[in-house]
Amino acid sequence: MKRLLVLFFLVIFIFSCTQISEKNIDPNFVFCLYNKDENPTSLLFTESLDDDGRPIFQIPLSSSRIQEREYIYKNGFFYRLSSQTSVFTKYQLQGSSFVLVDSIQLKNRDFETITWKDDDNLIAVCREDAENRTPQARLYQINVAGMKIVKQDTIVLPFANKEYSALHLGLVNIENDDLWLAYSFFKSTGKYGHTTSDTTYYATIKYDSFKLKNIQIETRSTYPGGFNIIQSYSFKDEEGDYYFMTNPGIALGNNPKLPTAIFRKRKGQLLVDQDYMINISRSIGNHAYGIWYVGNGKAIIRNEQKKLYTDFSNFHAVYQFEYRLVDLQSGSIEKIQIPLDKGTQKENVWADGKYVYFAIDGSNDQHRVWKYDLQTKEISKGLKLPNNTNFIVRMDYLK
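Residues numbered from 1 in each chain as written. Predicted model: local features only at pLDDT ≥ 70, side-chain atom pairs only at ≥ 80, totals over all residues. Heavy atoms only, no water.

A. Structural context of the overall build of the chain. The helix and strand inventory of the chain stands at 1 helix and 29 strands. Each of the 399 residues in the chain was classed as buried or not, and the buried ones make up 58%. For the chain, the proportion of contacts with a sequence separation of at least 24, taken over those separated by at least 6, is 53%. (Helix = DSSP H or I, 4+ residues; strand = E, 2+ residues; numbered from the N terminus. Buried < 20%, exposed > 50% of the residue type's maximum accessible area, 1.4 Å probe, protein only. Contact = heavy atoms within 4.5 Å.)

Encoded structure:
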């Protein structure tokens, strides 16, 4: 299996990274991690995830706590899509340094979801403020080879109401020249709080003209997807069927009375399958955040444990997160017996067809990769991260 999302962290000053070594390296994996005490946040590169492996070099980033994670890796280049600066930037790893290749100034901020139209064209969607409060989405198609915007336009989406007027753009996909967009609406409940309405909308839009073809209403769950530049919420299986997860728990949609669930849109079909739903919350009694396909009709989810946290104030700091294997055909869900994890919005799962690898921040202050054999269900230790690690944000495969 080949995952091409970068393993990165919020780097405002990435082009000023310190060069560690002059030698040419060819890493397979990269980790983005926090470091303890006076040591800076870093990117760590390695050639193997095995227990006897060791990092080959490390690039320190800014020593301050950075506020963004919007990084993408594809075909040898790293891209940053910043929701703070509205700049799309391209970098390349040369030796053990990052080199700035090019950048584009975009009009908008608040980018939430992306997809690749093909290897050279990235589709990025964000909210666009409007004076009349009509919910609008702004779409950019960026040709990353030439670093040019080749298509951009505004999409007006219906079904906003006065109570829930803020737009959440959770998922985007392109199939048969149609743009498919899953979204919902939310409202503020205080300085930092919010809650999401009970309804999800699936819009099908002609990509050449941006004309709306169809709206499908979903009431079985809410808050589709999430900030997928950071964490995975959808995938296509071997048949081309599109699976995705809703996230109404307190860490994302904050409408916990509705279930976290997995849905399916068959290849070539206009509508989401109304006969298919895996109700995760009913099965495990908790909400989940993040889903990763591991092949052969199986996926991994990362779930909370509501008995272990007080409220959102300590949600990210408590060692509470479990990982479970979901059978997408039968709906069965099986807990994987690895140490409890902490932290929210982590892209830390990768699979190669035989093993699933998990980058875990364990309660014994050990930061390690764990291996799960998909056939035998055996669990074994993998790469141990340096002792100055205190939090792993991402783990990704670069080949």
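Now that the structure has been shown, the text picks up again.
B. Up close: unusual backbone geometry. Positive phi outside glycine occurs at Asn-75, with the angle close to 50°. Considering the arrangement of structural elements, one finds Asn-75 in the loop between strand S4 (71-74) and strand S5 (77-81). Residue class for Asn-75 comes out partly exposed when judged on its relative accessible area of 43%. Phi at Phe-210 is positive, roughly 60°, even though this residue is not glycine. With relative accessibility at 10%, the residue Phe-210 sits in the buried group.

C. Layout of the nonpolar core. Judged by nonpolar contacts, the single largest core of 20 residues is most densely connected at Val-125, Leu-139, Ile-155, Leu-157, Leu-169, Leu-179 and Tyr-183. Elements with a contribution of two residues or more to this core: strand S9 (121-127), strand S10 (136-143), strand S12 (166-175), strand S13 (178-188) and strand S15 (200-206). The next biggest cluster of nonpolar side chains, apart from the first, holds 19 residues, and it includes Ala-182, Leu-252, Val-318 and Phe-321. (Core = buried A, V, L, I, M, F, W, Y, C linked by side-chain atoms within 4.5 Å.)

D. The sheet that holds strand S23 (residues 321-327), seen in detail. The strand order S21-S22-S23-S24 describes an open sheet built from 4 strands, whose pairing is antiparallel. Bordering the open sheet on either side are strand S21 (288-295) and strand S24 (333-341), each of which pairs with just one other strand. Taking each pair of neighbouring strands and ignoring which way they run, the sheet shows an average axis angle of 25°. Where S21 meets strand S22 (residues 298-303), 5 bridges bridge the pair, whose relative direction is antiparallel. If you follow Gly-295 over to S22, its bridge partner there is Lys-298. (Pairing = 2+ DSSP bridges. Axes fitted to C-alpha atoms, helices over the stretch in contact; angles between N-to-C directions.)

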